[in-house]
Number of protein chains: 2
Amino acid sequence: MQKLTHDEISKNRRKLEDFPVIQRNPIYAMADNIRSLYNVGSIFRSSDGALISKLFLTGFTPHPPRKEIDKTALGATLTVPWEYHKDPMAAVEQLKQNKIKICALELTDKSIPYYDLTPEDFPLCLVFGNELTGVSKEVIAAADMAIEVPMYGNKQSLNVAVAYGIVLYDCLRILHRPTQG
Amino acid sequence: MQKLTHDEISKNRRKLEDFPVIQRNPIYAMADNIRSLYNVGSIFRSSDGALISKLFLTGFTPHPPRKEIDKTALGATLTVPWEYHKDPMAAVEQLKQNKIKICALELTDKSIPYYDLTPEDFPLCLVFGNELTGVSKEVIAAADMAIEVPMYGNKQSLNVAVAYGIVLYDCLRILHRPTQG
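From a predicted model like this one, the values you see are computed outputs, not experimental measurements. (Residues numbered from 1 in each chain as written. Chains lettered and ligands numbered in written order. Predicted model: local features only at pLDDT ≥ 70, side-chain atom pairs only at ≥ 80, totals over all residues. Heavy atoms only, no water.)

Participant: What am I meant to see in the packing of aromatic side chains here?
Facilitator: The geometry of an aromatic ring pair comes down to the distance between the two centres and the angle between the two planes. Using the criterion set out here, one finds seven aromatic pairs over all chains in the structure. Taking 6.2 Å as the distance between ring centres and 90 degrees as the angle between the ring planes, the aromatic pair formed by phenylalanine 44 of chain B and tryptophan 82 of chain B counts as edge-to-face. Residue phenylalanine 44 of chain B is located in helix H2 (residues 37–49), and its partner tryptophan 82 of chain B is located in strand S3 (residues 82–85); the two are separated by 38 residues in the primary sequence. Sitting above the plane of the tyrosine 115 of chain A ring, arginine 177 of chain B keeps its charged end 3.5 Å from the centroid. (Phe/Tyr/Trp six-rings, centres within 6.5 Å; stacked < 30°, edge-to-face > 60°. Helix = DSSP H or I, 4+ residues; strand = E, 2+ residues; numbered from the N terminus. Lys NZ or Arg CZ within 6 Å of the ring centre and 35° of its normal.)

As structure tokens, then:
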């Protein structure tokens, strides 16, 4: 078993100029009041990996250009369509007008496991919030549904960028491998 | 839809004293030459969430006690069994003696998509490496198999803690929801 060389890996890369025309996944994401620049960069990187349609950065979530974001995003800030809205409800309104379901990643009385989303739930916007306080009550009130990542250990949450990655990649399974449930 | 209160969330927590006796998942992890304390803390947190059997920290991967790890692990360093070995091959040897398959998370000429693992591949140790250089050739040479996380965008990798979380939680799907493929 041999590691691929940098050249072999680079051959598989899409060219930047192809990005405006490629078909993106019907997945949107909204990062509301995220504190950590490191998390924002990681979220951009995962959003590029899953080829989502658009990333909304809202509230006090830091947004490009910030060198700390670019350092962890490794260029993904150029390949992921994104918008910043100070007011998260402005993003929610735009999403609702476009018939995109709002799905909060939060522990609520109605949350379902993330893997129980169905292809019919898309286009979908995954909304996740502050590292300590989660998604704001205002956004929860406007959400169409909520999902949670089951925790089997002692703690009750994952790092927000990790939780986003888990849910995001399972959305790709649900959209592209529906026969696998 | 109402957010759960801290008390409601806490009620679901396992007590620390239960941990020595609970049945853990047949998943092991090995973090070799990870540079970032932030990533190590996040990896502990995900490892707790998935209730893995043991986390091996090897090479120059920082290990507890380190306040920066505890800050991001949020207590998971107390609930996840872990060992530190300066020499990664010492951990590999221990795993092989215990008939645990070594699975590198790396782009190789034989890597399969992470979601194609099967219940028969477990007990399994997910091995992931340095943020820049990946899993070392020495460990790759000793690995039984390799998996990769398909990238659909322009970049060719995810943050290592995010990639670990994606693969780890899909292992739970494979182990506990095999009829869903």
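Participant: Even after reading the chapter, I still don't get the relation of the copies chain B and chain A, so can you show me in this structure?
Facilitator: For the pair of chain copies, the relating operation is a rotation around an axis with a shift along it. Superposition of chain B onto chain A requires a rotation of 180 degrees combined with a translation of 0.0 Å along the rotation axis, giving an RMSD of 0.0 Å. Accordingly, the operation relating the two chain copies is best matched by a two-fold axis. Mapped onto chain A, 100% of the interface residues of chain B are again interface residues, and the two copies thus contact each other with one and the same surface. (Least-squares fit on C-alpha atoms with pLDDT ≥ 70 in both. Contact = heavy atoms within 4.5 Å.)

Participant: Explain the sheet that holds strand S1 (residues 25–32) of chain A here, please?
Facilitator: Note on sheets: strands pair through backbone hydrogen bonds, and any given pair is parallel or antiparallel. Residues and elements named next belong to chain A. Across the sheet, seven strands lie side by side as S3-S2-S1-S6-S4-S7-S5; this open sheet has parallel pairing. The sheet is open, and its two borders are formed by strand S3 (82–85) and strand S5 (112–113), each paired with just one other strand. Note that S1 and strand S2 (residues 52–58) share six bridges and pair parallel. Within the sheet, the bridge partner assigned to aspartate 32 lies in S2 and is threonine 58. Contacts between helix H2 (residues 37–49) and the sheet are confined to S2, S3 and strand S6 (124–128), with S2 contributing the most and set at about 165 degrees to the helix. Against the sheet, helix H6 (residues 160–176) engages S1, S2, strand S4 (101–105), S6 and strand S7 (145–148), with an angle of about 165 degrees to S1. (Pairing = 2+ DSSP bridges. Axes fitted to C-alpha atoms, helices over the stretch in contact; angles between N-to-C directions.)

Participant: Please clarify how H2 of chain B should be interpreted in this entry.
Facilitator: All names here are of chain B. Its 13 residues give H2 an end-to-end C-alpha distance of 19 Å, which sits within 8% of 18 Å, the value for a rise of 1.5 Å per residue. Extensive coverage of H2 is indicated by the burial of 12 of its 13 residues. Every buried residue belonging to H2 is among Leu37, Asn39, Val40, Gly41, Ser42, Ile43, Phe44, Arg45, Ser46, Ser47, Asp48 and Gly49, and all of these are buried. The opening residue of H2, the one whose side-chain oxygen lies 3.1 Å from the backbone nitrogen of tyrosine 38, is serine 36. After H2 finishes, the residue leucine 51 shows a positive phi value of roughly 50 degrees. (Expected span 1.5 Å × (residues − 1). Buried < 20%, exposed > 50% of the residue type's maximum accessible area, 1.4 Å probe, protein only. Polar contact = N/O pair within 3.5 Å; in protein donor to acceptor, adjacent residues only side chain to side chain.)

Participant: Would you mind going over the pairing of S7 of chain A with me for this structure?
Facilitator: Bridging between S4 of chain A and S7 of chain A involves three bridges; their strand directions are parallel. Looking at S7 of chain A, one finds that alanine 104 of chain A is bridged to alanine 146 of chain A.

Participant: Sorry, what's going on with the interface of chain B and chain A here?
Facilitator: A common way to report how large an interface is uses the accessible area buried once the components associate. Across the contact, 62 residues belong to chain B and 62 residues belong to chain A. The junction of chain B with chain A conceals about 5300 Å² of combined surface from both sides, 57% of it contributed by carbon and sulfur atoms. With a closest N to O distance of 3.9 Å, glutamate 106 of chain B and lysine 3 of chain A form a salt bridge. Here chain B and chain A share 28 residue pairs in polar contact (both at pLDDT 80 or more) between them. Of all the secondary-structure elements, those providing two or more residues to the side of chain B that touches chain A are H2, helix H5 (137–142), strand S7 (145–148) and helix H6 (160–176) of chain B. In terms of residue count, the dominant contributor to the side of chain B that touches chain A is H6 of chain B (eight residues). (Buried area = accessible area lost by both parts, 1.4 Å probe. Salt bridge = Lys/Arg side-chain N within 4 Å of Asp/Glu carboxyl O.)

By themselves, these are just geometric observations and shouldn't be taken as functional.
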